Amino acid sequence: MAGIAVLCEVQGGEIAKGSLGVLEEAARLGAALGEPVEAIVCGSGLDDAAMGALGGFGASKVRVADDAALASGIAQPVVDACASAQESGQYRYWLAGASIMSADAMAGLAARLGAGIVIDAVELHAEGGALVTRRSGLGDSVLAHCGFTTPVGVVVTRSNAFAATEGNGGSAPVERFSPTFKAYSQAVQLVGHEDAEDSGPDIGAAEVLVAGGRGLGDAAGFAAIEECASAFGGAVAATRAVVDAGWYPYSAQVGQTGKTVTPKLYIACGISGAIQHKVGMQGSGTIVAINKDKNAPIFDYADFGIVGDLNTIVPKLTELIKARG
Amino acid sequence: MRIAICVKEVPDPTAEKRIDAGTNRLVRSGENTLNPYDRHAIEAAVQIKEGPAPDAEITIVTVGPESANRSVDRALAQGGDQSVHIADEAAAGSDLLGTARILAAALKRGNYDLILLGQQAADSESYVMAGLVAELLELPCVTQAASIELADGAVTVKRQVETGYDTVKAATPCVVSVSDAINDPRYPPLPAIMGAKRKPHEVLSLADLGVDASTVGAAGAGTTVGGLSKPEGRGDTIVIEDDGSAADQLVAFLLEKKVVA
Ligand SMILES: Cc1cc2nc3c(=O)[nH]c(=O)nc-3n(C[C@H](O)[C@H](O)[C@H](O)COP(=O)(O)OP(=O)(O)OC[C@H]3O[C@@H](n4cnc5c(N)ncnc54)[C@H](O)[C@@H]3O)c2cc1C
């Protein structure tokens, strides 16, 4: 086994930012281990020149599976493509970012190859000639140094662990390959898609975000959050739980699958603080948490935490800020 | 219709968090509880039984020490008809792939039409078990379902992806993990809690399943934990209990920090 394969995901016709950051980190790791780094791209109607540009982010070669079966963004056909790439490439490591598709595809690949899998890796190190990851655990209170005993190791990195640069403008040779698809891998059919509307306020630009989670109780609970946000001159953010439940629009979602925000002030109301939420807001200047459960993980990374009922605290906060207006 | 739900017992999130310095494993002594995310998978199965598939038979499947039977009973009380519990010392220390191998072996035996999981484990925050199990079983897989509809031998699932919401369809048998927003799990009434113990419990060893012990557990783990270190913290956290003045204290803090003028 030799070399590092990086699954580079196509989202909306472009290589995902998260993939580029992982590719650059893989290039640093590859240099330290003396292993070449190849980018693997799966999709349909992909452009050679655009794919070759991955050379500017550290890929020595770009291998492209271009097939209608890979158009839907469903993970299982991508597992087949990665397995085909592995057959000819015999990679020692597979790396991918933490998108829904990539994480599912890496899980499938690890199972297919009998490879150890580490998810949520925040650092990649070359130690003793091998990859040793850092994976945070126990509410991010420890970093476990995770390595592999299997001939192939699979890693899904944490969202935003590796920020991409603009690249160096270089390019790499593109090689196309044809995957062999399995029947069960093609059984999930995409029958509809609603694009997330970006019509709401641009939460990425807001200096203050007041965020609501399931602790609001229902969709109507967002009225108090909106009022509070407007008192601060800020915008409203949300967790996946309330977006999935239809309480608030997807464009306001912060986290692994949603947006990454860095406001001056982030006030989390009725949010437990799952890692998948944290990765989208931990870069905020000041973090405030209001939660009735004193053991909620959000308090582990807040600057100011209030254990109490948001239904009384948030309106009061709104009044106080309005009064200063 | 046969529905299986893979559940996990996890350390109570309210208990003190630590990793054993000797074994580098999560300490599982003290109060354990059913993974809260799994309750949504159980509720989803119960709703299928109450709706499109009244004949559904729901099996709770878990891998864990014998003491995990309390969480199995908790899951049964919420809506399972029977349980399959793989309790074997050689399974201890299994990594993600090892656990998936054991689950897959148990699931294969049951010929389930629908295999449900929660969105993630509350202890490790891992969210890839559905993908691992589905691949080992060579079944279609849909993760992070925000809704499930079952009709004509197929599930239709709405799920969030980075660009919005996909609706996907898969014929059964298949594997589905569910988002924590898919439903509000009901608390089991007392008689259901009392009755759980009397439901059929099957406790199996790795040998019963024909799982080669060297491919699972600490011995078969594909990943190793070589050491532990401390991540950079965020710094000091002030946490106060609201006594009626919390909003005033917060504003004072924000003024002092010059976050508000
Ligand atoms: C692959 C994947 C991707 C994900 N992507 C994202 C993402 O992008 N963004 C995201 O947010 N999540 C994401 N999640 C989901 C994440 O893991 C959590 O499930 C989610 O963040 C929980 O949302 P929540 O905090 O609103 O709900 P909960 O976890 O249910 O927390 C509600 C909180 O409200 C508190 N509460 C209740 N009532 C009150 C009250 N009256 N006053 C004060 N507090 C109260 C409770 O104590 C609780 O802590 C993802 C998960 C996976 C597996």
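Residues numbered from 1 in each chain as written. Chains lettered and ligands numbered in written order. Predicted model: local features only at pLDDT ≥ 70, side-chain atom pairs only at ≥ 80, totals over all residues. Heavy atoms only, no water.

K.L.:
Would you mind showing me how to read the overall build of chain A here?
P.N.:
Of regular secondary structure, chain A possesses eight helices and 17 strands. A compact globule built from 325 residues would reach a C-alpha radius of gyration of about 20 Å, and chain A, at 21 Å, matches this within 12%. Expressed as lengths along the three principal axes of its C-alpha atoms, the size of chain A is roughly 65 × 45 × 40 Å. The buried share of chain A, reckoned over its 325 residues, is 60%. Within chain A, residue pairs in contact and separated by at least 24 positions form 64% of the contacts whose partners lie at least 6 positions apart. When the accessible surface of chain A is totalled, it reaches about 11,500 Å², and 49% of it is carbon and sulfur. (Helix = DSSP H or I, 4+ residues; strand = E, 2+ residues; numbered from the N terminus. Rg over C-alpha atoms; globule rule 2.2 N^0.38 Å. Buried < 20%, exposed > 50% of the residue type's maximum accessible area, 1.4 Å probe, protein only. Contact = heavy atoms within 4.5 Å. Areas by Shrake-Rupley, 256 points an atom, 1.4 Å probe, with all protein chains shown as cover.)

K.L.:
Is there a simple way to think about the packing of aromatic side chains in this case?
P.N.:
What characterises a pair of aromatic rings is the spacing of the ring centres plus the angle enclosed by the ring planes. Within this structure, the stated rule accounts for five aromatic pairs over all chains. Judged by centre distance (6.1 Å) and plane angle (45°), the ring pair of Tyr93 of chain A and Phe148 of chain A falls under tilted. Of this pair, Tyr93 of chain A sits in strand β6 (residues 93-96) while Phe148 of chain A sits in strand β9 (residues 142-148), and the two are 55 residues apart along the sequence. Like Tyr93 of chain A, the residue Phe148 of chain A is buried in the burial classification. Where Phe304 of chain A meets Phe253 of chain B, the ring centres are 4.7 Å apart and the plane angle is 35°; that geometry is what we call tilted. (Phe/Tyr/Trp six-rings, centres within 6.5 Å; stacked < 30°, edge-to-face > 60°.)

K.L.:
What's the story with the interface of chain B and chain A in this structure? I'm lost.
P.N.:
One frequent convention defines the size of an interface as the accessible area lost when the parts assemble. Facing 78 residues of chain B, the contacting portion of chain A comprises 86 residues. Roughly 7,200 Å² of surface becomes buried between chain B and chain A when both sides are summed, with 55% attributable to carbon and sulfur atoms. Viewed at the interface, chain A and chain B are joined by six salt bridges. Note that Asp303 of chain A and Arg234 of chain B form a salt bridge whose closest N and O atoms lie 2.9 Å from each other. (Buried area = accessible area lost by both parts, 1.4 Å probe. Salt bridge = Lys/Arg side-chain N within 4 Å of Asp/Glu carboxyl O.)

K.L.:
How should I be thinking about the sheet that holds strand β5 (residues 82-86) of chain B in this particular structure?
P.N.:
Hydrogen bonding along the main chain pairs the strands of a sheet, whether they run parallel or antiparallel. Read across the open sheet, the 10 strands follow the order β12(A)-β9(B)-β8(B)-β7(B)-β10(B)-β6(B)-β1(B)-β4(B)-β5(B)-β11(B); overall the sheet is mixed. Each edge of the open sheet carries a strand with a single partner, namely β12 (189-195) of chain A together with β11 (201-204) of chain B. Averaged over all adjacent pairs, the angle separating strand axes in this sheet is 30°, with direction ignored. As judged from the six bridges shared by strand β7 (residues 141-151) of chain B and strand β8 (residues 154-161) of chain B, these two strands associate in the antiparallel manner. The residue bridging Ser147 of chain B from the neighbouring strand is Lys158 of chain B, located in β8 of chain B. Packing of helix α1 (residues 38-50) of chain B onto the sheet brings it into contact with β1 (2-7), β4 (57-63), β6 (114-118), β7 and β10 (174-178) of chain B, and relative to β1 of chain B it is tilted by some 170°. The sheet strands contacting helix α3 (residues 96-110) of chain B are β1, β4, β5, β6 and β11 of chain B, and the helix crosses β4 of chain B at an angle near 155°. (Pairing = 2+ DSSP bridges. Axes fitted to C-alpha atoms, helices over the stretch in contact; angles between N-to-C directions.)

K.L.:
Help me understand α1 of chain B in this model?
P.N.:
The periodicity of an α-helix, 3.6 residues per turn, causes residues three or four places apart in sequence to face the same way. In this model, α1 of chain B (13 residues) spans 19 Å end to end at C-alpha, consistent with the 18 Å of a helix rising 1.5 Å per residue. Taken together, the buried positions of α1 of chain B are occupied by Asp38, Arg39, His40, Ala41, Ile42, Glu43, Ala44, Ala45, Val46 and Ile48 of chain B. (Expected span 1.5 Å × (residues − 1).)

K.L.:
What exactly am I supposed to notice about the sheet that holds β6 of chain A here?
P.N.:
Read across the open sheet, the 10 strands follow the order β11(A)-β5(A)-β4(A)-β1(A)-β6(A)-β10(A)-β7(A)-β8(A)-β9(A)-β12(B); overall the sheet is mixed. The outermost strands of the open sheet, each flanked by one partner alone, are β11 (174-176) of chain A together with β12 (223-229) of chain B. Strand-to-strand twist across the sheet, computed as the mean angle between neighbouring axes with direction ignored, equals 35°. Pairing between strand β5 (residues 61-66) of chain A and β11 of chain A: three bridges, direction parallel.

K.L.:
So what exactly am I meant to see when it comes to the pattern of salt bridges here?
P.N.:
Should their charged atoms come close, side chains of opposite charge can pair. Inspection of every chain in the model, using the stated rule, returns 27 salt bridges over all chains. Residue Lys316 of chain A pairs with Asp248 of chain B through a salt bridge whose shortest N-O separation is 3.4 Å. Linking Lys316 of chain A in helix α8 (residues 310-324) with Asp248 of chain B in helix α8 (residues 246-256), this pair reaches from one chain into another. Exposure remark for Lys316 of chain A: the relative accessible area of 34% places this residue in the partly exposed category. Within the structure, one salt-bridge network assembled from shared partners comprises Glu38, Lys61, Arg63 and Glu175 of chain A.

K.L.:
Got a minute to help me understand unusual backbone geometry in this structure?
P.N.:
With the exception of glycine, the majority of residues adopt a negative phi angle, and the majority of peptide bonds are in the trans configuration. All names here are of chain B. Here the amide bond leading from Thr172 into Pro173 is cis, since omega sits at 0°, within 30 degrees of zero. Its identity as a non-glycine residue notwithstanding, Asn111 has a phi of 45°, on the positive side. Along the polypeptide, Asn111 turns up in the loop between α3 and β6. Despite not being glycine, Lys258 shows a phi value in the positive range, around 60°. Here Lys258 lies in the segment after α8. By relative accessible area, which is 69% here, Lys258 ends up exposed.

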